[in-house]
Amino acid sequence: MRLRGTIRVTTALTLAAAVGCTASDRDDDQARTSPPVSAHATGPSPTATPSPTPTPVNPVSLPGLIQREHKGSGLKLGAVLARTSAYTSYEVTYEANGLTISGLMNIPAGKGPFPALVLAHGYIDPAVYTTGRGLTREQDLLARNGYVVLHTDYRNHARSDKDPANDRNLRLGYTEDVIGAAMALRSSGRPEIDTDRLGLLGRSMGGGVVYNTLVVTPGLFDAAVAFAPVSAHPEENIDQFQRPEGDPIVAEIESAHGTPKENPKFWREVSPVTYVDRVTDPLLIHHGTADTTCPIRWTRQTVAAFEKAGKDITLRTYQGEGHTFYPQWSRSMDTTMDFFERHLR
């Protein structure tokens, strides 16, 4: 399924509060099943049953992102960062839900159109982050193998617009930025880009962005890959990365949204495994058995949820490999390119 331009997903969700059918649906059902009331009938007139009031969806949640009207457009090439015999690298900007997001794009040499990949990097302190940082090996290799590569900087990074609430809101804005990148590619009109062949690759925190994106906009991408992803349960990521460091953002998060014990509904609604039934795109995950940053048990739990839901998911494990994938990176990328070759060529 291809999604282009403006996307609005209105699929009904199984949430804690049930949303009734519309008044018009009920009226139609009553007209089909109830006998007409005679104009001369005696007795009291029937009283219409009031419509139940739907529970508002929390905008800081995956259901909130699912219901949101996402927009991505205005892909613009800027300064040339590098020229090689295989590709040219550019600074780029695009619009994602009202914010200008910066990034880097590698365009292969030769005649296109080429399939395109959006890259979602892992956590790097925005104070030291520079455009394109985080997935430089992948940017180069994938472009040399005939893919247009758009590496998003995310909001609050490099030259992107600021979103002061993003950290407090569990960085869900990064998911919007990736969705916007895909939509900007599809609507760019650039002859180098094959808008019918689009993939997604994320590492570490970017792997969590991959999970969210597949849930929020099923069908926007044709295939996705995650390297050493974070937990699909945000509270586990907070306990692993932020709480031990005394990150003050934790107190802001819990003040705004409650703890998992105080507000379990909120924490269910920010976990992509809650909505794994929505996923339609094939997913490949790479994870090292010696990863102490993002323990492989997190990925095994997520894979089990995908498999239980009957989804197309493949896990490749690497004995003794840590979080950075240096010793076995080449093998993992061979597998990645084979995967994209099957789904995007």
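Residues numbered from 1 in each chain as written. Predicted model: local features only at pLDDT ≥ 70, side-chain atom pairs only at ≥ 80, totals over all residues. Heavy atoms only, no water.

## Details of the overall build of the protein chain
Phase 1 of the analysis: A count of helices and strands for the protein chain gives ten helices and eleven strands.
Phase 2 of the analysis: Relative to all contacts within the protein chain whose residues are 6 or more apart in sequence, the contacts with residues 24 or more apart total 73%. (Helix = DSSP H or I, 4+ residues; strand = E, 2+ residues; numbered from the N terminus. Contact = heavy atoms within 4.5 Å.)

## Description of the layout of surface pockets
A water-sized probe, rolled over the atoms, reveals where empty space remains.
Phase 1 of the analysis: Considering only enclosed or pocket space, the largest pocket measures out at about 830 Å³ in volume.
Phase 2 of the analysis: What lines the largest pocket is a set of 37 residues, and nearest its centre among them are Tyr123, Arg171, Ser204, Met205 and Val230.
Phase 3 of the analysis: Of all the secondary-structure elements, those providing two or more residues to the lining of the largest pocket are helix H3 (136-144), helix H4 (173-187), helix H5 (205-216) and helix H6 (234-242).
Phase 4 of the analysis: A per-class count over the lining of the largest pocket returns 18 nonpolar, 13 polar and six charged. (1 Å grid on protein atoms, 1.4 Å probe; cavity = no way out; pocket = protein on both sides within 12 Å on 5 of 7 lines; lining within 4 Å. Points joined across faces, edges and corners; volume = space filled by probe spheres on them. Nonpolar A, V, L, I, M, F, W, Y, C, P; charged D, E, K, R; others polar.)

## Some words on the pattern of salt bridges
Phase 1 of the analysis: Inspection of the entire model under this criterion finds 15 salt bridges.
Phase 2 of the analysis: Among the salt bridges present, the one from Arg68 reaches Glu176, with a minimum N-O distance of 2.7 Å. Placement of the pair is Arg68 in the loop between helix H2 (62-67) and strand S2 (69-70) and Glu176 in helix H4, with a sequence separation of 108 residues.
Phase 3 of the analysis: Taking the relative accessible area as the measure of exposure, Arg68 reaches 35% and is therefore partly exposed.
Phase 4 of the analysis: Through salt bridges with shared partners, a single network forms among Arg137, Glu138 and Arg203. (Salt bridge = Lys/Arg side-chain N within 4 Å of Asp/Glu carboxyl O. Buried < 20%, exposed > 50% of the residue type's maximum accessible area, 1.4 Å probe, protein only.)

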